[in-house]
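Listed below are the residues making up each chain.
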Amino acid sequence: MERREMWERLELFSRTNSLPWAVGGDFNAVMSPLEKAGGRPVCSASIEEFGSSSGLIDVGTVSGADNAALLLTPSLEEVKEAVFALSCDSAPGPDGFSGHFFTACWETGRAASVLSVGGVGCFCAGRCIHDNIAIVQEVAHDLNRKARGGNVILKLDMAKAYDRMEWDFLWRGSQTSPALFILAEEVLSRGIRKLFEEGHASYYRLPRGCPGISHCLYADDTIIFTRGLRGSLKQIMGLLCRYEGSSGQLVNWQKSCFVVGARASMAKALMVGAVTGFLRRSLPITYLGAPLHSGRVRIDLFNSMVAKIRNRVAGWMGRLLSYGGRVTLLKHVLASMPIHVLTTLDQPQDVIRRVYGIFADFLWGNSEWGKRRHWVCWNKICRPVEEGGLGVRRLEDVGLSLRLKGFWRVLADQSLWSTFFRAKLFRNLHVSLAGPLRAASKSWRSTLSYKEFMLDKSRWLLGRGRVSF
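Once a new chain begins, its residue numbering starts again from 1 and follows that chain's sequence as written. Only residues with pLDDT of at least 70 are given local features in this predicted model, and only at 80 or more are side-chain atom pairs given and counted; all residues enter the totals for whole chains, interfaces and linings. The basis for every side-chain value is the complete set of non-hydrogen atoms in the structure, without hydrogens or water.

Please provide a residue-by-residue account of the overall build of the protein chain, values included.
Comment: elements are numbered from the N terminus, with helices defined as DSSP H or I runs of at least four residues and strands as E runs of at least two. Regarding its fold elements, the protein chain presents 19 helices and ten strands. Accessibility here uses a 1.4 Å probe with only protein chains present; expressed as a share of the type maximum, an area under 20% marks a residue as buried, one over 50% as exposed, and anything in between as partly exposed. The buried share of the protein chain, reckoned over its 469 residues, is 38%. Looking at the protein chain alone, contacts between residues at least 24 apart form 65% of all its contacts between residues at least 6 apart. Of the roughly 27800 Å² of accessible surface on the protein chain, 54% is carried by carbon and sulfur atoms. Contacts: residue pairs with any heavy atoms within 4.5 Å of one another. Methods summary: accessible areas were calculated by the Shrake-Rupley approach with a probe of 1.4 Å, and residue burial reflects only the protein chains presented.

Outline helix 7 (residues 129-140), listing residues and values.
For helix 7, with twelve residues, the first-to-last C-alpha span of 17 Å sits near the 16 Å given by 1.5 Å per residue. The buried count for helix 7 comes to eleven of twelve residues, which makes it a mostly enclosed element. Here, expected helix span is obtained from the residue count minus one, scaled by 1.5 Å.

Quick one: what's the story with the packing of helix 16 (residues 395-412) against helix 17 (residues 416-426), residue by residue and with numbers?
Lines fitted to the C-alpha atoms define the axes, with helices restricted to the stretch that makes contact. Angles between their N-to-C directions range from 0 to 180 degrees. Two numbers describe how helix 16 lies on helix 17: the axes approach to 8 Å, and their chain directions differ by 95°. With respect to their mutual orientation, helix 16 and helix 17 come out roughly perpendicular. Taken together, the residues of helix 17 that come into contact with helix 16 (itself represented by Gly406, Phe407, Arg409, Val410 and Leu411) are Trp417, Ser418, Phe421, Arg422 and Phe426. Nonpolar residues are Ala, Val, Leu, Ile, Met, Phe, Trp, Tyr, Cys and Pro. Charged residues are Asp, Glu, Lys and Arg, and all others, Gly as well, are polar. Considering only residue class, the contact of helix 16 with helix 17 consists of six nonpolar, two polar and two charged. Note that the term roughly parallel is reserved for angles under 35 degrees, roughly antiparallel for angles over 145, roughly perpendicular for angles of 65 to 115, and oblique for everything else.

Just give me the short version of the pairing of strand 5 (residues 257-260), but keep the residues and values in it.
Residues Cys257 and Val259 of strand 5 are buried on one face, and the alternating residues Phe258 and Val260, pointing to the opposite face, are buried as well. Any two strands with at least two DSSP bridges between them are considered paired. Judged from the four bridges that link them, strand 1 (residues 151-159) and strand 5 form a sheet pairing that is antiparallel. In the strand pairing of strand 5, Val152 is matched with Val260. As judged from the two bridges shared by strand 5 and strand 6 (residues 279-280), these two strands associate in the parallel manner.

With reference to specific residues and values, describe the nonpolar core.
By size, the foremost hydrophobic cluster in this structure holds 37 residues, and its most contacted members are Ile135, Ile153, Phe225, Tyr287, Phe420 and Phe421. Those residues in contact with Phe420 that lie beyond four places of it in its chain are Ile135, Glu138, Val139, Leu206, Cys210, Pro211 and Ile213. Here, nonpolar core means buried Ala, Val, Leu, Ile, Met, Phe, Trp, Tyr and Cys residues that are tied together by side-chain atoms lying within 4.5 Å of each other. Within the second largest apolar cluster, 30 residues are counted, among which are Leu334, Val355, Tyr356 and Val398.

Can you break down the pattern of salt bridges residue by residue, with the values?
Any carboxyl oxygen of Asp or Glu that lies within 4 Å of a side-chain nitrogen of Lys or Arg is treated as forming a salt bridge with it. Under the definition given, this model contains ten salt bridges. Between Glu186 and Arg190 there is a salt bridge, with the nearest N and O atoms lying 2.5 Å from each other. One end of the pair, Glu186, and the other, Arg190, are both in helix 8 (residues 177-197), four residues apart, so they sit about a helical turn from each other. Taking relative accessible area as the criterion, Arg190 reaches 47% and is therefore assigned partly exposed. Of the charged contacts, one joins Arg298 and Asp300 as a salt bridge, the two residues approaching to 3.3 Å between their closest N and O atoms. The exposure class assigned to Arg298 is partly exposed, which follows from its relative accessible area of 28%. What emerges from the salt-bridge pattern is a single network uniting Glu138, Asp142, Arg145 and Lys424.

Let's hear about the packing of aromatic side chains: which residues, and what values?
Pairing of aromatic rings covers Phe, Tyr and the six-membered ring of Trp, with a centre-to-centre limit of 6.5 Å; geometry is then stacked below 30 degrees between planes, edge-to-face above 60, and tilted otherwise. Under the definition given, this model contains six aromatic pairs. Look at Phe196 and Tyr203: their rings are 5.1 Å apart centre to centre, the planes differ by 45°, and that puts the pair in the tilted class. Taking the relative accessible area as the measure of exposure, Tyr203 reaches 30% and is therefore partly exposed. Grouped by ring-pair contacts, the aromatic residues Tyr356, Phe359 and Trp378 constitute a single cluster.

Let's hear about the confidence of the model for the protein chain: which residues, and what values?
Mean pLDDT over the protein chain: 77, with 74% of residues reaching 70 or higher. Within a predicted model, pLDDT stands for the predictor's per-residue confidence, ranging from 0 to 100. In the predicted structure, residues 110-125 sits below a pLDDT of 50 and forms 32 contacts with residues beyond four places in sequence or in another chain.

Tell me about helix 14 (residues 349-364), and please be specific about residues and values.
In this model helix 14 runs 22 Å from its N-terminal to its C-terminal C-alpha over 16 residues, within 8% of the 22 Å that 1.5 Å per residue would give. When we look at burial in helix 14, the residues that qualify are Val351, Ile352, Val355, Tyr356, Ile358, Phe359, Ala360, Phe362, Leu363 and Trp364. Looking one or two residues past helix 14, Gly365 carries a phi angle of roughly 80°, positive in sign.

I'd love a proper account of the state of the cysteines, names of residues and values included.
Note on terminology: pairs of cysteine sulfur atoms within 2.5 Å are recorded as disulfides. In this structure the tally under the stated criterion is zero disulfides. As a non-bridged cysteine, Cys382 has Cys377 as the owner of its nearest cysteine sulfur, 9.1 Å distant.

Just give me the short version of the side chain of Thr276, but keep the residues and values in it.
Structurally, the position occupied by Thr276 is in helix 10 (residues 266-276). Nitrogen and oxygen atoms within 3.5 Å of one another constitute a polar contact, given that in protein one can donate a hydrogen and the other can accept it, and given that sequence-neighbouring residues count only through two side-chain atoms. From its side chain, Thr276 meets the backbone oxygen of Val272 in a polar contact 2.7 Å long. Separated by 3.2 Å, the side chain of Thr276 and the backbone nitrogen of Phe278 make a polar contact.

Can you break down the pairing of strand 3 (residues 221-227) residue by residue, with the values?
Where burial is concerned, most of strand 3 is hidden: six out of the seven residues are buried. Of the strand pairs in this sheet, strand 1 and strand 3 are connected by seven bridges, and their pairing is antiparallel. Across the sheet, residue Leu154 finds its bridge partner in strand 3, namely Ile224. Bridge count between strand 2 (residues 215-218) and strand 3: four bridges; the pairing is antiparallel. Bridge pairing in strand 3 links Leu217 to Thr222. Between the antiparallel neighbours strand 2 and strand 3 lie two residues, among them Ala219 with a positive phi of about 55°.

Right, here's the structure in full:
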């Protein structure tokens with residue numbers, strides 16, 4: 001493209017486009033006599049022609065200070081200016097809201113975006129659903145620990161959580177019900193925390209040195225950890241009743257339940273049920289789609305996961321799928337379904353063999369006479385494509401990588417989650433000095449068996465010298 005033709009196109013684009021735009025590259029054009037050294041003098045007419053026709057401004061080289069300014073987090077005023085610059089008639093974005101919504105609900109949306117990052121464990125940057133599952137699972141492991149009144153787990157189920165919010169409790173006329181629901185959950189979370197911090201409710205008994213864990217919230221799934229003391233339970237139920245009256249949310253008493261330890265007497269269980277009005281359940285129970293249990297990992301904990309995989313395969317018309325289609329569904333759908341449970345539990349070999357059998361039957365398909373012959377063993381199918389396999393991930397490798405990732409987060413992160421696990425697993429010692437602990441669940445004990453492997457693959461970075469042994 002000739003230079004003059006390119007200038008003409010840029011001139012046409014600048015006239016027809018009203019939005020901000022920029023062009024990157026080197027035009028090989030001199031915009032000032034000072035930019036040219038030696039040779040023929042620059043023609044001032046060409047400088048004026050380029051600047052007037054295209055309307056471009058030479059921004060020069062981005063310096064370190066300019067780059068730092070570009071990387072700064074925008075202020076609230078800058079965000080507001082950008083939001084109010086949106087056209088009211090603009091097309092809705094992926095969230096379904098137009099520019100008019102954000103300008104009309106600016107104050108409500110601003111408060112929701114600020115408070116939703118507070119203490120509720122859902123929809124927050126840097127947090128994960130598996131954090132809640134892991135910490136609840138580890139706390140449930142101490143359900144049978146000796147304590148005055150005994151340890152008790154309360155699992156709450158909210159009736160139509162997103163539909164029963166009282167607008168007087170928040171802001172009348174707002175359309176951001178999911179964000180406002182997080183605000184309401186923040187009220188509940190702070191209320192529960194205040195009960196325990198002020199001593200009105202008793203903390204769940206954990207190993208010495210562990211921080212007190214009063215509750216875990218993720219969306220409308222709520223778990224409260226306390227002791228089976230009448231006064232403590234009455235305070236918690238009183239808070240829930242006040243929360244119901246203020247927010248409009250209702251606790252589903254038929255689906256909510258409580259769990260007491262195996263050593264709890266029948267009189268203790270009856271008292272907890274009478275005060276809470278909940279039904280008694282025994283572990284395992286389901287929390288956020290994963291089995292919550294205490295003690296050794298049993299095969300029946302994974303029956304629900306295996307059934308989901310079978311149902312998913314049964315819904316596909318296997319005879320109408322090509323082998324390529326089966327491989328794609330196997331690698332990207334079926335092989336991903338066990339990951340949610342693998343993150344927090346070690347799957348026994350019997351369960352893995354059952355899952356592999358379902359995978360293999362789906363891959364090779366069926367005929368009029370039944371299952372087709374499996375011509376290649378599953379280990380060869382799981383090899384990389386470069387080695388003659390299909391690149392299907394082995395569940396054992398996925399489980400190990402997930403456990404090591406969690407182990408590394410315990411070592412490196414500075415959060416309540418990592419603080420809790422460091423206190424329970426290492427007793428606040430350095431990992432290299434920590435020995436095996438019976439207080440940890442079997443899943444974490446198996447993870448700690450890879451401690452030497454993790455330390456061997458790690459390296460130290462020099463800091464400020466604040467590490468002590």
